[in-house]
Each structure stands twice: as structure tokens, then as C-alpha cells.
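# What the coordinates show
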Amino acid sequence: MPRLAAWQILRSGSTMPLREVDRFAEWHSLDPRDRGLLRRLVGTEVRRRGTLRAIVNAFTNTKPTADVAAHLRLGFVQLFFMDRVPPHAAVSETVGAARNTLGAGRARFVNGVLRTVLRERKEGSSGDPQRDLVGSPWHFEQPLFRNPEEHVTLWIEDALSIPAALAKRWIKRFGREPAIALCARLQDEATLSVRVVNTGREALQAELAAADIETKLGPHPRTLRIDSKALEKLIASDAFARGAVAVQGETALAAAELVEASAGERILELCAAPGGKTCVLAGTGAQVLALDLSQPRLARASSELERLDLHAHVKRVASDGGSALADALFDGVLVDAPCSNTGVLDKRPGARWRFGPATQRDLKQVQARLVQEGAAHVRPGGRLVYSTCSLEPEENGRTVRDFLAANEGWELEVEIEAVPIRDEDPVDGGYAARLRRART
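Figured I'd write up the structure that's included with this text.

Calculation notes
Residues numbered from 1 in each chain as written. Predicted model: local features only at pLDDT ≥ 70, side-chain atom pairs only at ≥ 80, totals over all residues. Heavy atoms only, no water. Core = buried A, V, L, I, M, F, W, Y, C linked by side-chain atoms within 4.5 Å. Buried < 20%, exposed > 50% of the residue type's maximum accessible area, 1.4 Å probe, protein only. Helix = DSSP H or I, 4+ residues; strand = E, 2+ residues; numbered from the N terminus. Contact = heavy atoms within 4.5 Å. Arc of directions from axis to C-beta. Pairing = 2+ DSSP bridges. Right-handed = clockwise from strand over helix to strand, strands pointing away. Axes fitted to C-alpha atoms, helices over the stretch in contact; angles between N-to-C directions. Parallel < 35°, antiparallel > 145°, perpendicular 65-115°, else oblique. Left-handed = near helix turned anticlockwise from the far one by under 90°. Nonpolar A, V, L, I, M, F, W, Y, C, P; charged D, E, K, R; others polar.

### Side note on the nonpolar core
In terms of nonpolar packing, the biggest core is built from 64 residues, with Leu 38, Phe 76, Phe 80, Ile 156 and Trp 170 touching the most fellow members. When residues in this core are grouped by element, the largest group, nine residues, is from helix 5 (residues 66-81). Among residues more than four places away in sequence, those in contact with Leu 38 are Pro 2, Ala 5, Ala 6, Ile 9, Val 21, Ala 25 and Leu 30.

### Describing helix 11 (residues 201-210)
Taken as a whole, helix 11 has its buried residues at Arg 201, Leu 204 and Leu 208. Along the axis of helix 11, the buried residues cluster in a sector spanning 65°; they form a single face. Seen from the open side of helix 11, the exposed residues pointing more than 90 degrees away from its buried face are Glu 202, Ala 206 and Ala 210. Elements that come into contact with the buried residues of helix 11 comprise strand 3 (191-196), strand 4 (216-217), strand 5 (223-227), helix 12 (231-235), helix 13 (238-241) and strand 6 (245-247). Trailing helix 11 by a residue or two, Asp 212 shows a phi angle of about 65°, which is positive.

### Description of the pairing of strand 8 (residues 287-292)
For strand 8, the tally of buried residues reaches five of six residues, placing the bulk of the element in the interior. Of the pairings in the sheet, the one linking strand 7 (residues 266-270) to strand 8 comprises five bridges and is parallel in character. If you follow Leu 268 over to strand 8, its bridge partner there is Leu 289. With five bridges connecting them, strand 8 and strand 9 (residues 314-318) associate as parallel partners. Following the sheet pairing, Leu 291 is matched in strand 9 by Val 317. Running through helix 16 (residues 295-307), the crossover from strand 8 to the neighbouring parallel element strand 9 is right-handed.

### Some words on the packing of helix 18 (residues 357-375) against helix 19 (residues 397-406)
It is the contact of helix 18 with helix 19, at a shortest axis distance of 10 Å, that shows an interaxial angle of 50°. As summarised for this structure, helix 18 and helix 19 are arranged oblique, according to the angle between their axes. Seen along the crossing, helix 18 lies across helix 19 with a hand that is right-handed. Counting all contacts with helix 18, which are made through Lys 364, Gln 367, Val 371, Gln 372 and Ala 375, the residues of helix 19 involved are Arg 398, Thr 399, Asp 402 and Phe 403. The residue inventory of the contact of helix 18 with helix 19, partitioned by class, reads three nonpolar, three polar and three charged.

### Examining the sheet that holds strand 13 (residues 430-437)
Spatially, seven strands are ordered 9-8-7-10-11-13-12 in an open sheet, and the strand pairing comes out mixed. Looking at which strands have only one partner, the edges of the open sheet turn out to be strand 9 and strand 12 (410-418). The sheet shows a mean angle of 15° between the axes of neighbouring strands, direction not considered. Contacting strand 8 and strand 9, helix 16 runs over the sheet at an angle of about 165° to strand 9. Most of the contacts of helix 19 go to strand 12, to which it runs at about 175°, and overall it touches strand 11 (378-388), strand 12 and strand 13.

### Let's talk about the sheet that holds strand 6
The strand order across the open sheet built from four strands is 4-5-3-6, with neighbouring strands paired in antiparallel fashion. Looking along the sheet, the strands with just one partner apiece sit at the ends: strand 4 and strand 6.

### Quick look at helix 10 (residues 176-185)
Residues spaced three or four apart along an α-helix point in a common direction, a consequence of the helix completing one turn every 3.6 residues. Taken as a whole, helix 10 has its buried residues at Ala 179, Ile 180, Leu 182 and Cys 183. With its buried residues spanning 160° around the axis, helix 10 presents them on a single face. Turning to helix 10, the residues buried within the fold contact helix 8 (152-160) and helix 9 (164-174).

This is the structure in C-alpha cells:
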């Protein structure tokens, strides 16, 4: 049943398939174990889609229909990226899902392709970038991917599942090898950052170690790093239950701190959900008005505010920007703008397949509007912080400079830009800038 549900999600037309997992899991009455399998099937397909498409192309003589290709990709997910699924189960369950949805004839085709691929895969690495599956202990005798020496962006799309158009931008900006390293870094959700709350970092690290949760010190003095596989164990820990730790990216934390909120101040946050930065702001003792267009997303932040005992410091309102606030002024305003998410593709893998000129144009308009609305609610002498989790200049520094060029009485004080290429870099890419409004 999880394979069938995964196929239905992929064929639903949703541009955010991971958000459909819970709905389809309820529809099929999946138990927690099958729900977890469904999430991993869909998540891995989205994360590895470029590689999975390349395997489909290599092992089918004619282009399969979109329905058939989706079943094949889900089968390949299990054969190459889910080591706990036995090959015979991966094949039989995928073929069964194909039979239930497409009939016996196409199920036989899916069965034939999967069994051929299973015979052709070889254990270990060949050292050939056209034949090795990155992040998987398998390779093939025949080339799967396009030649990186001839078409490096197409190879990146095949081997690292970052669209060629995005890879081209990054190569132009960062250089070939750093861009490849960035793409590789964003392929897997290997490392998470957690924020230390109201305790010492070394003391928390020792407590988590006693609970068999290994951590490393992050570059931010209030963060630790854990492997993503340890997340469930962290959430089940005593430290998490009593609010001593919160999952939060290092760049996201730095952006919230850039507001420099303090006790007794009034802070406005636009696009506040899911609430991580809200908690940082409220933790200073400031009174925070958190606005977001989505009431359900705001509601999901409530449990985190309760866990960290910050609920009394935050008022949450469902609203599109600051237009509903009349002439209210605040000591600080944080605009955590919707963006392309290109700095956190490891955590939001589907965003890579939504990136494109039309999306960028729409985002730019929204970002410019939100900065303008946020600025209108900053008191004289107050601060405006604009942040994204994007790496793209037109969403970041260019947006800020466009605002400054069109509005007198503002000064750029600080800019932060993080690109997660090296191990010592923040785990999350993004941007933040603090602007100061003149006192008169």
C-alpha cells in the first residue's frame, strides 16, 4: 500500500509532493511504519529524481508513459537508496502497485525493467562519474550519465539531481568545483543544526551523549550539530521535552539574532511560520506579533512555543503582510520572506524542481512588497531585518539595494550571506540584512 500511495502522490500533480504524504497516509489508513516508508519513498524520489530519470532512460528502449516512469522511479528508489528493502520485495511490491493502477501488461513491462536493472547493477564504485551512483554503493558497466567533461551541468542534473539551469548559475557565480561541492552537499540531509536553549552548550552536549545522541560543536556559539538520523532520538530525549534544545539552522538563527530584540520591545515578524525565528525573538523577552498568511502553519508553531514556554510573549495573526496593521509601529521588524529555498535544498528537496524564471519573477515581486510593508511599520530609529534561505543574488542583496534606492532615510548596517559548501560553513544557506531607519 505505501508504494501505491507514493505513486498516487507523484501522479497527483502536486508541486510539493512531500506535503501530500500525511493526507494520502490518512486516506489509505497507513500505520506509523508504513507512513514512514511512504515519506521515505516520496522524499527520496524527489531528492534523487534526476538520477532516477537517467536510469529510466538508460534501461528503456522507448520512452515510457509518465505513469509507468513513476512506478519505475519508485522501484529504483528501493533498489539503490533503501538498503533495508530486500530486492525481491522492492520488485514484487512495485510490480503489484503497477498492476493495480495500470493493468497486467504494463506491470509486466515494469517487472522486466526492474529485473534487468537488478542484474546489471554492480557493487562498489567504479571511479567513473558516468557510471557511479552518488550516495549509493552501486555502479553500472554502461554509462548512465552525460559526460561531465563535455556537459558538466547536465552531468550534475543526472548524478546530483540539481537542475542544469540552477547548476549553471552556481558555476558562473562560485566556479566549477565549488558549485559541484555545493550540489553534492545539498543532495543529502546528512547534518542538522540544533539551538541550545537556556543551558550551557557543553553541558547539553554531555547530556545528549549520555542519551546516545552524538553531537558536534557548530560554528555558532549556541548550536550543536547532529546527524539527521538521530532526529527522532533527539525529539524523544529529556532535553527536548523540557525545552533545552530546538531544531534550527545556524544561518536562520543568525538572521533572527540580527533583529537585536530585547526585553520589553515590540517586534513584528512577517511570514512567521513555522515559528523557529519567532521563538528566538520571544526568547529575548520581547513581545512578538507573528503574522503569516497560513493559519494552519501558524497553528503548528503553537506546540513549539508551548514547549519552550514562550507562548505569553507571542501573538499570532493570520494576515498577508503588514497591510492589516494600520499605522502600528514597532522597535524591530523581521521579514522572513518566501524564497526559492536554494540554500536549504537538502531540507526542502522539492524546491529544486520548482526553480525557474517564472517562479523567480513572482518571488521577486512578493519579496519587494513585503520589504516595503515591513519598513512601513518600523519606528524612527528602529530596525528592519530582511532574510531568506536562498542563495540567489536577485532575492537577497539586490532586493535590499532596490529598496534602499527607492526609499530615503534608511541605512544598511549588516549583511550576512552563507553558502553551505565546506564542513565549517553553516549547514543552511541563506541571507540576512539589517537596515536602520533614520530617527527623523
